[in-house]
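Commentary on secondary and tertiary structure
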Amino acid sequence: MATASGGDKGPAAAAPPPQLESFLAIGLDQRTAENALANRKVTANLTAVIAEAGVTRCYKSVGNLLYTVATKYPANALVHRPDLIKYILSEKIKSSAQLDAALSFLSTLGPDSLDPVKFEEACGVGIVVSFEEIQSTVTDVLNENMEAIVEQRYRINVGSLCGQVRKRQPWGDAKSVKEEIEKRLVEILGPKTEADNAKPMKKKKEKPAKVEEEKTVSAPPSEEELNPYSIFPQPEENFKVHTEIFFSDGNIWRAHNSKSILEKHLKVTGGKVMTRFPPEPNGYLHIGHAKAMFIDFGLAKERNGHCYLRFDDTNPEAEKKEYIDHIQEIVTWMGWEPYKVTYTSDYFQDLYELAICLIQKGLAYVDHQTPEEIKEYREKKMNSPWRDRPIEESLKLFEDMRHGLIAEGKATLRMKQDMQNDNKNMADLIAYRIKFTPHPHAGDKWFIYPSYDYAHCLVDSLENITHSLCTLEFDIRRPSYYWLLVALGQYQPYVWEYSRLNISNNVMSKRKLNRLVTDKWVDGWDDPRLLTLAGLRRRGVSSTAINSFIRGMGITRSDNSLIRMERLEYHIREELNTVAPRALVVLHPFKVVITNLDYGTIISLDAKMWPNAPDSDASAHYKVPFSRTLYIEQSDFRLKDSKDFYGLAPGKSVLLRHAFPIKCTEVIYGDNPDSIVEIRAEYDSSKATKPKGVLHWVAEPSPGVEPLKIEVRLFEKLFLSENPAELEDWLGDLNPQSKEVIKGAYAVPSLANAVLGDKFQFERLGYFSVDSDLTPEALVFNRTVTLKDSYGKAGPK
């Protein structure tokens, strides 16, 4: 082996890519050029801009403007990019302010013909701002801000001052403006002092002084907080590029509506916002769907538009009328009114005809690969052996599929997209598959059914949807969504994705929810432990509390972070605190005999249903019997007292809520020392005693008659882990104590009149709602939420 002289120098340094040299040659600094290379889209655009400019070298100021064109140019106006580049090279456009104005003008213009006069007027071509004009404007701005300048001295925000000058002189030289402002500040303030150069001291937080009534002043809410739908464009703005579809051969499709297509759409809709809520009828809706409804229906309502309830019923094997009926009913319960109820199956004929058009364009083919082969070929980025079959052959086979002449699994219709694409959602997705299953809505007319990827975007277009809103996991499907609409020349809705709603200690997947229900881990789709909307409603949660929770989170494109269950519970408490009347209930009764009250004596007391109600308001009170035999919670009595215990103990006094102080005088044991049968106490009829502890209680309504007996169901979190969906054995994480049934609870007599849906605060216990399992003989209550969250924080009082 030959050895090079001079020692081992290691491998030769790799030559820089040719694009890097090209980028550096137009004046970009090293970091900007390298960042451009790291982004495939920027690399392609900047290379194209340099080629259109026909330059190999130029001044840095020109090169920076060309870089801005490559990164910010509106793709719907590409036809005008060469014209803009000429303006830059001739230095008719030579500042970033002029270029920003030009880009804004062109984005609105789109592909329409360019009027040079209007264009040059919009971006200040030929306008020269003299230094004297800059000086005059700077003087005006400084005079207007003089009070702040004197107070803040050199800590004044110079950038803000420059911005105020730019608003009045947008075509003035930015560098000259900044230098003039800094020069004038020195003239006004003199040289910097030691205090000016010193770092500002951080003020220690002072404890607020105690006042009789605290008043907090919060910052004014942002526009998005006031109106979360303000982030969405108007229908007439839907001419801009939705997305760029990159192909493995370097080709790029820029999806946007042409002027004629948009005008046709606006004529049909009258310019109204049109949205859709498109659930698949294969299960019950959960709280994540509440967020989708809030966005879909809410946007349409806020803009005085319309929202369809569209059933995405492309899979006849998984769909049931039970689910369709439930969805329609729960949408109404959530407070939304659909413009129309439609089904994807309503458009099966239209979708079939569009599929034929796709085949005729050479953009779809009938394939015979098995699912396993399709998966393998996608992983290897290989084309199907049937991808290039003749168009006429695919048309004939597709017709055979339509008439049930080909067996299930033996053929599919696939879109001819890009098998070599890095995005797997462009790997020739399936448009149609064969299923010999009658459809619950369309009947037995069809033997082929469209896929979600094929039908969803087309039905959005057919229904003239202006805003197609979905969760973030569909972001990677954008290219295939628009590929199909571009391929068929269809109107393109505006697509926007928002973060999926995930709540701790729960699963939100329909597949997992279905498993819990069908395998009887829970008591049906409306089990109060589930975050299905039916389950939440049965638990006693209102639609307004759910919508308040959703609104509080906003609808922005954040990550799919886990929202703590406590956040939902806060909104539930906040509402129930104002609508749920108070009542006394004892879950685990412990007998107390009042020895200084005569047997047979019943004292009728007034108890407040609302804590802040005036004593004079009779309608805000209910009657509570106080008798010789009453019951407190077992946990509210101890034989051994302690400082942190506010219940009853031998020799200790407590106050019975809405009644009298009592003092434990004797403990009655059963057959063994560990068995306490009852305790005896004396009541203070004068209420002179002022104990710290306050207990809830229920008394016998008449001598020897048990209080009203009710069944109470207590619910805890369904799963032990915060994110059970991440666990392989997620069913093993189910909380065995998620439901407790108490059949022998005692309640005050007024609860005997409670009916389904009634809500109460059982004092010291939580908020409860009457369950659908109630009978004329037995009342059943579900605990909706505790009075405090798991961290001990209570809702509003």
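Residues numbered from 1 in each chain as written. Predicted model: local features only at pLDDT ≥ 70, side-chain atom pairs only at ≥ 80, totals over all residues. Heavy atoms only, no water.

Re the overall build of the protein chain
- In terms of helices and strands, the protein chain carries 25 helices and 29 strands.
- Since a compact globule built from 797 residues should have a radius of gyration of about 28 Å, the 36 Å found for the protein chain marks it as more spread out than a globular shape.
- Its C-alpha atoms put the protein chain at 110 × 90 × 75 Å along the principal axes.
- Relative to its full complement of 797 residues, the protein chain shows a buried share of 48%.
- Contacts in the protein chain between residues at least 24 apart in sequence constitute 70% of all its contacts with a sequence separation of at least 6. (Helix = DSSP H or I, 4+ residues; strand = E, 2+ residues; numbered from the N terminus. Rg over C-alpha atoms; globule rule 2.2 N^0.38 Å. Buried < 20%, exposed > 50% of the residue type's maximum accessible area, 1.4 Å probe, protein only. Contact = heavy atoms within 4.5 Å.)

Details of the pairing of strand β8 (residues 430–434)
- Counting buried positions along β8 yields four of five residues, so the element is predominantly enclosed.
- Here three bridges tie strand β7 (residues 412–415) to β8, and the two strands are oriented antiparallel to one another. Within the sheet, the bridge partner assigned to R414 lies in β8 and is I430. (Pairing = 2+ DSSP bridges.)

Quick word on the UniProt feature "domain: Glutaminyl-tRNA synthetase class Ib non-specific RNA-binding" (unreviewed entry) in the protein chain
- In the numbering used here, UniProt assigns the "domain: Glutaminyl-tRNA synthetase class Ib non-specific RNA-binding" (unreviewed entry) feature to residues 20–173 and 177–251.
- As a span, residues 20–173 carries 68% helix and 0% strand, and end to end its C-alpha atoms are 30 Å apart. (UniProt positions renumbered as here; feature names shortened; annotations may be inferred.)

A closer look at the sheet that holds strand β5 (residues 341–343)
- Reading across from one edge, β3-β4-β5 is the order of the three strands in this open sheet, with parallel pairing throughout. Each end of this open sheet is capped by a strand with a single partner; those strands are β3 (274–277) and β5. If you compare each strand with its neighbour and ignore which way they point, the axes differ by 35° on average.
- Bridging between β3 and strand β4 (residues 306–311) involves four bridges; their strand directions are parallel. Looking at β4, one finds that M274 is bridged to H306.
- Along the sheet, helix α15 (residues 287–302) contacts β3 and β4; its crossing angle with β3, the most-contacted strand, is approximately 160°. (Axes fitted to C-alpha atoms, helices over the stretch in contact; angles between N-to-C directions.)

Topic: the packing of α15 against helix α24 (residues 543–553)
- Running from N to C, α15 and α24 point in directions that differ by 70°, and their axes come no closer than 10 Å. For the element pair α15 / α24, the angle class is roughly perpendicular. When α15 is examined against α24, the residues I287, A290, K291 and F294 are found in contact with a partner set consisting of I546, N547, F549, I550 and R551.
- Of the residues belonging to the contact of α15 with α24, the class tally is six nonpolar, one polar and two charged. (Parallel < 35°, antiparallel > 145°, perpendicular 65-115°, else oblique. Nonpolar A, V, L, I, M, F, W, Y, C, P; charged D, E, K, R; others polar.)

Description of the layout of surface pockets
- Roughly 960 Å³ of volume is contained in the largest pocket.
- The wall of the largest pocket is formed by 36 residues, among which P278, E280, Y452, E473 and F474 lie closest to the centre.
- Within the residue set of the lining of the largest pocket, elements represented by two or more residues are β3, α15, β8, α20 (452–462), β10 (467–471) and α22 (510–518).
- When residues in the lining of the largest pocket are grouped by element, the largest group, five residues, is from α15.
- Per-class residue counts for the lining of the largest pocket are 13 nonpolar, 10 polar and 13 charged. (1 Å grid on protein atoms, 1.4 Å probe; cavity = no way out; pocket = protein on both sides within 12 Å on 5 of 7 lines; lining within 4 Å. Points joined across faces, edges and corners; volume = space filled by probe spheres on them.)

Quick notes on helix α4 (residues 60–72)
- For α4, built from 13 residues, the straight-helix expectation of 18 Å at 1.5 Å per residue is met to within 8% by its first-to-last C-alpha distance of 18 Å.
- Within α4, the full set of buried residues consists of V62, G63, L65, L66, T68, V69 and A70. (Expected span 1.5 Å × (residues − 1).)

Observations concerning the pattern of salt bridges
- Following the criterion strictly, the structure yields 48 salt bridges and no others.
- Here R303 makes a salt bridge to E302, at a shortest N to O gap of 3.0 Å.
- For R303, a relative accessible area of 17% gives the class buried.
- Among the ionic pairs, E393 bridges to R389, the shortest N-O distance being 2.8 Å.
- Under the relative-accessibility criterion, E393 is labelled partly exposed at 36%.
- Within this structure, D526, R538, E711, R713, K743, D771 and D773 form a network of salt bridges that share partners. (Salt bridge = Lys/Arg side-chain N within 4 Å of Asp/Glu carboxyl O.)

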